[in-house]
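Report on the structure
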Amino acid sequence: MTLRGVRVILFDLDGTLVDTAGDLAAAANRMRADRGLEPVPLERMRPIASAGARGMLGEAFDVRPGDDRFESLRAEFLSNYESAICVHSRLFDGAEALLRAIEGLGGRWGIVTNKPARYTTLLLRALRLDERTACVVSGDTTPHPKPSPEPLRHALRLLAAEPQSAVYVGDDERDIAAGRAAGVATIAATYGYLGAGSPPQAWGADHLIDHLDTLRRWLVE
């Protein structure tokens, strides 16, 4: 495959461009430690990391939104996460080479995430990506987060780009649903967190990749 005509590549953040599972799990396990509980192994937390506080608290404390304890636990989790947001978080293997390739070819790349802007900004700044990205659309930038197509449509408006010139890369079924509804080509990142739902082969993405080097090769061919 080639990406001829593609001028904009948009990325989901957690589980697609940046591996944040370690810091998200650490925030929940700090809460468990404060209560004298054993940590939950990272391999159990990792698949649900894209769900953020909801996923981490569900695994760590078996609570869900609407439960009596959820909001207070959520506030504690977010405080822990904000105070140590980029201790373990790293760009996925191949991400830096891909971003440099996009920039070197005169293209633009951006972030469309369901992560709230407060944490998105802190994380991108810590990774020194904030001055490189052409746009950032967070979970609270528009009234409706993904799987609504509005965050992607907002990114395209910010970049004055047409849907046919853009690609969206994500590791969750919500990402692919949002991209398809927004009219952009979609790529499922099968190396990401993937969630607990249907397998990525069933999401309806235009393409699947198991490493970001694949996307870079498509870009430069």
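Just above, that's the structure.
Our subject in this report is the structure included herewith. Bear in mind the structure is a predicted one, so any value in this text is a computation, not a measurement.

Conventions and cut-offs
- Residues numbered from 1 in each chain as written.
- Predicted model: local features only at pLDDT ≥ 70, side-chain atom pairs only at ≥ 80, totals over all residues.
- Heavy atoms only, no water.
- Salt bridge = Lys/Arg side-chain N within 4 Å of Asp/Glu carboxyl O.
- Helix = DSSP H or I, 4+ residues; strand = E, 2+ residues; numbered from the N terminus.
- Buried < 20%, exposed > 50% of the residue type's maximum accessible area, 1.4 Å probe, protein only.
- 1 Å grid on protein atoms, 1.4 Å probe; cavity = no way out; pocket = protein on both sides within 12 Å on 5 of 7 lines; lining within 4 Å.
- Points joined across faces, edges and corners; volume = space filled by probe spheres on them.
- Nonpolar A, V, L, I, M, F, W, Y, C, P; charged D, E, K, R; others polar.
- Pairing = 2+ DSSP bridges.
- Right-handed = clockwise from strand over helix to strand, strands pointing away.
- Axes fitted to C-alpha atoms, helices over the stretch in contact; angles between N-to-C directions.
- Contact = heavy atoms within 4.5 Å.

Turning our attention to the pattern of salt bridges. Enumeration according to the criterion identifies 14 salt bridges in this entry. Residues Asp14 and Lys115 are paired through a salt bridge, measuring 2.8 Å at the closest nitrogen-oxygen approach. Here Asp14, found in the loop between β1 (8-11) and β2 (18-19), pairs with Lys115, found in the loop between β4 (108-112) and α6 (117-126); they are 101 residues apart in sequence, far enough to count as distant. Using a relative accessible area of 9% as the deciding quantity, one classes Lys115 as buried.

The space that makes up the largest pocket amounts to roughly 600 Å³. Along its surface, the largest pocket is lined by 28 residues, and Ala51, Gly52, Asn114, Lys115 and Pro116 are the ones closest to its centre. Where the lining of the largest pocket is concerned, the elements lending two or more residues are α3 (52-61), α4 (70-83) and α8 (173-182). The biggest single contributor to the lining of the largest pocket is α4, with five residues. Considered class by class, the residues forming the lining of the largest pocket number twelve nonpolar, five polar and eleven charged. Lining of the second largest pocket is provided by 15 residues; of these, Ala51, Arg54, Asp172, Gly195 and Ala196 occupy positions nearest its centre.

Turning our attention to the pairing of strand β7 (residues 185-189). Most of β7 sits inside the fold, with four of its five residues counted as buried. Pairing of strand β6 (residues 166-170) with β7, which is carried by four bridges, proceeds in the parallel orientation. Bridge pairing in β7 places Gly170 opposite Ala188. Between the parallel elements β6 and β7, the chain passes through α8 in a crossover that is right-handed. Where β7 lies against strand β8 (residues 207-209), three bridges are found, and the strand directions are parallel. Bridge pairing in β8 places Ile187 opposite His207.

Turning next to the sheet that holds β8. With parallel pairing, the six strands of this open sheet are ordered in space as β5-β4-β1-β6-β7-β8. In this open sheet, the two strands that pair with only one neighbour each are β5 (135-137) and β8. Each strand of the sheet is rotated relative to its neighbour by a mean of 25 degrees, with strand direction disregarded. Of the strand pairs in this sheet, β4 and β5 are connected by three bridges, and their pairing is parallel. Paired with Gly110 across the bridge in β5 is Cys135.

We now examine α3. Extensive coverage of α3 is indicated by the burial of eight of its ten residues. Turning to α3, its buried residues are Gly52, Ala53, Gly55, Met56, Leu57, Gly58, Ala60 and Phe61. Buried positions along α3 lie against α1 (21-34), α2 (42-45) and α4. At the C-terminal side of α3, Asp62 shows a positive phi close to 55 degrees.

Read these as layout, nothing more, since geometry by itself doesn't imply function.
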